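# Coordinates in review
Here's the letter readout for the chains.
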Amino acid sequence: MTPTRFVPPDRPVRVGIIGSGNIARNHVEGYQAAGAEIVGLVDIDAAVLARRSLEWRVERTFTEVGELLALPGLDAVSVCTPNAAHAPATIAAAAAGLHVLCEKPISLSLAEADAMIDACRDAGVLLQVDHHLRSNPSVERMHAIIASGELGRITFVRLRQAHDWAGLPEVPFGFRTAALAGGGTLLDNGCHLFDLARFLAGDVDEVFARVATLKFEAEVEDTAAVSLRFGSGALGSIETAWTSTGWDQSFLVDGTAGTLEYTERGGPPRLRHTRREPGDLTWDSTIATTWTTPAGTDHTRAVAAFVAAIRGERPVPCTGEDGREAVRLALASYTSSASGAPIRLS
Ligand SMILES: NC(=O)c1ccc[n+]([C@@H]2O[C@H](COP(=O)([O-])OP(=O)(O)OC[C@H]3O[C@@H](n4cnc5c(N)ncnc54)[C@H](O)[C@@H]3O)[C@@H](O)[C@H]2O)c1
């Protein structure tokens, strides 16, 4: 195993982008905000590269990953390709001695995730999976309130992410095609929520799922519901859908001493903490504190955390092992849905 090489503070962190589509924009904006230098872009589509090169003012573009990795002086890459290409790009970047920020889900299989984790560990490079919800300011506050013990014992967690592809008549190719995506909304949106469930309430030891394809012509599911049981004994549920209207992201955590509710529906992101004064036995006189935060800062904060980790200033917020566990829970949920039975994970 090679010792990790951190980037000293006297020069910018130099990164490359592999896959220059939609989510890559959030990475580029995050790196620019963090003062990192974007050295080159890769995409298999030359038209995408030409457009992005102008838009992001990055001169060097490549249609082969190996050409980017051969550039001298690179420190790290973001892997923003469709899911099926995460593993080969990550393993090649690690072999070239580069830190990796990999989009979610980390991989299509646990064997691929293991190979990615091993490659990064052996090369002494960092692997961060972009479960950016861990960097959402309200989620950080929820995590801190739970960790302080103020919510008491966690009893129930309800996590939802749903949308309609901004009204598109069909699901984008890379997401509706099983060989590229590996799954539908349960893997795509659900992997974020499985990770968030663990981040807020600890390991999940049983899943019971149903998935369905109800609206779109797609090889994968567009609607999913999963019942969870945590190792702590708490219960929970995850709902994901491409069949909603508009964008919905909401997280609820009940504890024996309070409730946290986060929503982005119909307004700015807001978190409410509801609790009772000791001895209050009414239905409606609970105390509530509400915080609002600006929308859309999660990715920038996740990328900033990656840059800080590359400088040795902090650990990555979400490791390869965390990304693997999110995929393990999603794959177990598919098995549950296919068999009609709950799946034990421990
Ligand atoms: N963290 C999040 O919230 C979030 C949000 C959206 C997408 N994603 C993830 O990001 C990834 C990309 O999604 P997107 O919406 O940007 O898709 P996209 O289709 O807009 O972009 C993917 C790009 O990768 C290119 N590409 C395909 N194969 C490649 C390869 N082998 N090498 C280099 N480039 C290749 C495509 O030409 C395309 O331009 C997916 O894994 C997706 O799950 C994450």
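Just so we're clear, the structure is a prediction, and the values are computed from it rather than from any experiment. (Residues numbered from 1 in each chain as written. Predicted model: local features only at pLDDT ≥ 70, side-chain atom pairs only at ≥ 80, totals over all residues.)

### Thoughts on the overall build of the chain
Regarding its fold elements, the chain presents twelve helices and 15 strands. Taken over the C-alpha trace, the chain has a radius of gyration of 20 Å; the compact-globule value for 346 residues is 20 Å, and the two agree within 12%. With respect to the principal axes defined by its C-alpha atoms, the chain has extents near 65 × 45 × 40 Å. Split into buried and exposed, the 346 residues of the chain put 46% on the buried side. Within the chain, residue pairs in contact and separated by at least 24 positions form 69% of the contacts whose partners lie at least 6 positions apart. (Helix = DSSP H or I, 4+ residues; strand = E, 2+ residues; numbered from the N terminus. Rg over C-alpha atoms; globule rule 2.2 N^0.38 Å. Buried ≥ 20, exposed ≤ 12 C-beta atoms within 10 Å, placed from the backbone. Contact = placed C-beta atoms within 7 Å.)

### Focus on the pairing of strand β12 (residues 258–263)
Remember that side chains alternate between the two faces of the sheet whenever the strand is regular. Of the strand pairs in this sheet, strand β11 (residues 248–255) and β12 are connected by six bridges, and their pairing is antiparallel. Each residue of the ladder has a partner; that of Leu252, found in β12, is Glu261. Count of turn residues in the β11/β12 antiparallel hairpin: two residues. Strand direction decides the pairing type here: β12 and strand β13 (residues 270–275), joined by five bridges, are antiparallel. Along β13, the bridge assignment pairs Glu261 with Arg272. (Pairing = 2+ DSSP bridges.)

### So, the sheet that holds strand β10 (residues 235–241)
Read from one edge to the other, the open sheet built from nine strands follows the order β14-β13-β12-β11-β7-β10-β9-β8-β15, with strand pairing classed as mixed. Looking along the sheet, the strands with just one partner apiece sit at the ends: β14 (287–292) and β15 (343–344). Across six bridges, β13 lies against β14 in antiparallel orientation. Bridge pairing in β14 places Leu271 opposite Trp291. Together, β7 (154–162), β8 (204–212), β9 (223–230), β10 and β11 form the strand contacts of helix α10 (residues 190–201), whose direction differs from that of β7 by roughly 155 degrees. Across the sheet, helix α12 (residues 320–339) touches β8, β9 and β15, and the angle it forms with β8 is around 55 degrees. (Axes fitted to C-alpha atoms, helices over the stretch in contact; angles between N-to-C directions.)

### Thoughts on the domain arrangement of the chain
Examined at the domain level, the chain breaks down into domain 1 (14–132 + 300–315) and domain 2 (137–295 + 327–344). Its C-alpha centre places domain 1 at a distance of 27 Å from the equivalent point of domain 2. Of the residues belonging to the side of domain 1 that touches domain 2, the class tally is seven nonpolar, three polar and one charged. (Domains from an automatic or database assignment. Nonpolar A, V, L, I, M, F, W, Y, C, P; charged D, E, K, R; others polar.)

### Quick notes on the site of the ligand
Gly19, Gly21, Asn22, Ile23 and Glu103 are the nearest of the 25 residues found near the ligand. With three residues, the single largest contributor to the shell around the ligand is helix α1 (residues 22–33). When its residues are assigned to classes, the shell around the ligand shows eleven nonpolar, eight polar and six charged. Residue assignment places the shell around the ligand across two domains, with domain 1 (14–132 + 300–315) and domain 2 (137–295 + 327–344) each supplying three or more. (Near = placed C-beta within 6 Å.)

### Looking at helix α5 (residues 110–123)
Taking 1.5 Å of rise per residue, the 14 residues of α5 would be expected to cover 20 Å, and the 20 Å separating its terminal C-alpha atoms lies within 8% of that figure. Those residues of α5 that fall on the buried side of the exposure criterion are Glu112, Ala113, Met116, Ile117, Ala119, Cys120 and Ala123. Angular distribution of buried residues about the axis of α5 spans 160 degrees; they occupy a single face of the element. Structural note: α5 exposes Ala111 and Asp122 on the side pointing more than 90 degrees away from its buried face. Gly124 sits one or two residues past α5 and shows a positive phi near 70 degrees. (Expected span 1.5 Å × (residues − 1). Arc of directions from axis to C-beta.)

### Some words on the packing of α5 against α12
For the pair α5 and α12, the least separation of the axes is 10 Å and the interaxial angle reads 180 degrees. Judged on the interaxial angle alone, α12 and α5 are roughly antiparallel. Across the interface between the two elements, Leu110, Ala113, Met116, Ile117 and Cys120 from α5 touch Gly320, Glu321, Gly323, Arg324, Val327 and Arg328 from α12. Grouping the constituent residues of the contact of α5 with α12 by class yields six nonpolar, two polar and three charged. (Parallel < 35°, antiparallel > 145°, perpendicular 65-115°, else oblique.)

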